[in-house]
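Chain by chain, the residues:
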Amino acid sequence: EDQVTQSPEALRLQEGESSSLNCSYTVSGLRGLFWYRQDPGKGPEFLFTLYSAGEEKEKERLKATLTKKESFLHITAPKPEDSATYLCAVQARRGGSQGNLIFGKGTKLSVKP
Amino acid sequence: ETGVTQSPTHLIKTRGQQVTLRCSSQSGHNTVSWYQQALGQGPQFIFQYYREEENGRGNFPPRFSGLQFPNYSSELNVNALELDDSALYLCASSLGQGGPREQYFGPGTRLTVT
């Protein structure tokens, strides 16, 4: 069964304290892995797509990496405005729908000033 | 460029009633997917529409149904509402088929069933 597990469930950081979020996945052939940011009561905001192991993408203080079994979202010198829930999702080769993103439960990040 | 919009923002319904939620896709996008997000959980795929036809469905009963219109906007209909249907309903649009496609989400509709 295709599955995505994110850890930790919650993470509290001081402003400037770098850390990483983990997304482990089991999927029957990976089409793509996606990272989203979600603020309370709002829809997920697209951050990155990763397609193959070894790939890396960066945006401001965020860097996403991908291996054959997991992805990491590295946050460098975070600021309070980075506080949000970060969601990881995979799209499997098996199954007919391109829309079937399988999400993890997310990591809730809090950054204190 | 216009983003994904959803209406209404919030909705309160009684168990057994029916509800229709609406979504306008991002300009230029022809594919719409619907997700249900319970509190503290990740979104769960309900179904996807591509060029007005259902193109894949998640593990949801037939009382969840949808439509896509020629302008690529979409509706999600839920019949015989149950308490467990209370959730944030998200619409996401993307362009085309084949290969991994980034999906762009709307703000969601918060449905409460009492």
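Residues numbered from 1 in each chain as written. Chains lettered and ligands numbered in written order. Predicted model: local features only at pLDDT ≥ 70, side-chain atom pairs only at ≥ 80, totals over all residues. Heavy atoms only, no water.

The subject of this paragraph is the overall build of chain B. What chain B contains, in helices and strands, is zero helices and eleven strands. In chain B, the order of α-helices and β-strands from amino to carboxyl end is β-β-β-β-β-β-β-β-β-β-β. Over its C-alpha atoms chain B spans a radius of gyration of 13 Å, differing by no more than 12% from the 13 Å that the globule rule assigns to 114 residues. With the C-alpha coordinates aligned to their principal axes, the bounding extent of chain B is approximately 40 × 30 × 25 Å. Out of the 114 residues in chain B, the part that is buried amounts to 48%. Considering only contacts within chain B whose residues lie at least 6 apart along the sequence, 53% involve residues at least 24 apart. Accessible surface, chain B: about 5,300 Å² in total, of which carbon and sulfur atoms supply 47%. Across chain B, 8 positive and 9 negative side-chain charges occur, with their mean positions spaced 5 Å apart. (Helix = DSSP H or I, 4+ residues; strand = E, 2+ residues; numbered from the N terminus. Rg over C-alpha atoms; globule rule 2.2 N^0.38 Å. Buried < 20%, exposed > 50% of the residue type's maximum accessible area, 1.4 Å probe, protein only. Contact = heavy atoms within 4.5 Å. Areas by Shrake-Rupley, 256 points an atom, 1.4 Å probe, with all protein chains shown as cover. Lys, Arg positive; Asp, Glu negative; His and termini not counted. Charge placed at Lys NZ, Arg CZ, Asp CG, Glu CD.)

For the rest of this paragraph, the subject is the pairing of strand β9 (residues 84–92) of chain A. In the case of a regular strand, side chains alternate between the two sheet surfaces. Residue and element names in this part refer to chain A. Across the nine residues that make up β9, a large majority, eight, are buried. Of the strand pairs in this sheet, β9 and strand β11 (residues 107–112) are connected by three bridges, and their pairing is antiparallel. Its bridge partner being in β11, A84 is matched across the sheet by L109. Here β9 pairs with strand β10 (residues 101–103) via three bridges, running antiparallel. Its bridge partner being in β10, Q91 is matched across the sheet by L101. (Pairing = 2+ DSSP bridges.)

Moving on: the state of the cysteines. Residues and elements named next belong to chain B. Within the structure shown, the criterion is met by two disulfides over all chains. The disulfide partner of C23 is C91, and the gap between their sulfur atoms is 1.8 Å. Residues C23 and C91 are joined through a disulfide that is left-handed, its torsion about the S-S bond being -50°. In this pair, C23 sits in strand β3 (residues 19–24) while C91 sits in strand β9 (residues 87–94), placing the two residues 68 residues apart along the sequence. Relative accessible area serves as the criterion here: at 3%, C23 is assigned to the buried category. (Disulfide = S-S within 2.5 Å.)

Roughly 640 Å³ of volume is contained in the largest pocket. Lining the largest pocket are 24 residues, and of these A:E1, A:I102, A:F103, B:P43 and B:Q44 sit closest to its centre. Only β1 (3–7) and β10 of chain A together with β5 (44–50) of chain B provide two or more residues apiece to the lining of the largest pocket. A breakdown of the residues in the lining of the largest pocket according to their chemical character gives eight nonpolar, twelve polar and four charged. The calculated volume of the second largest pocket comes to roughly 490 Å³. (1 Å grid on protein atoms, 1.4 Å probe; cavity = no way out; pocket = protein on both sides within 12 Å on 5 of 7 lines; lining within 4 Å. Points joined across faces, edges and corners; volume = space filled by probe spheres on them. Nonpolar A, V, L, I, M, F, W, Y, C, P; charged D, E, K, R; others polar.)

To continue, consider the sheet that holds strand β3 (residues 19–26) of chain A. All names here are of chain A. Read from one edge to the other, the open sheet built from five strands follows the order β1-β3-β8-β7-β6, with strand pairing classed as antiparallel. Edge positions in the open sheet fall to β1 and β6 (56–59), since each of these has one partner strand only. Ignoring strand direction, the axes of neighbouring strands in this sheet form an average angle of 15°. As defined by bridge partners, β6 adjoins strand β7 (residues 62–66) across four bridges and the pair is classed as antiparallel. Across the sheet, the residue bridging to E56 is T65, located in β7. (Axes fitted to C-alpha atoms, helices over the stretch in contact; angles between N-to-C directions.)

Just geometry here; none of it tells us what the structure is for.
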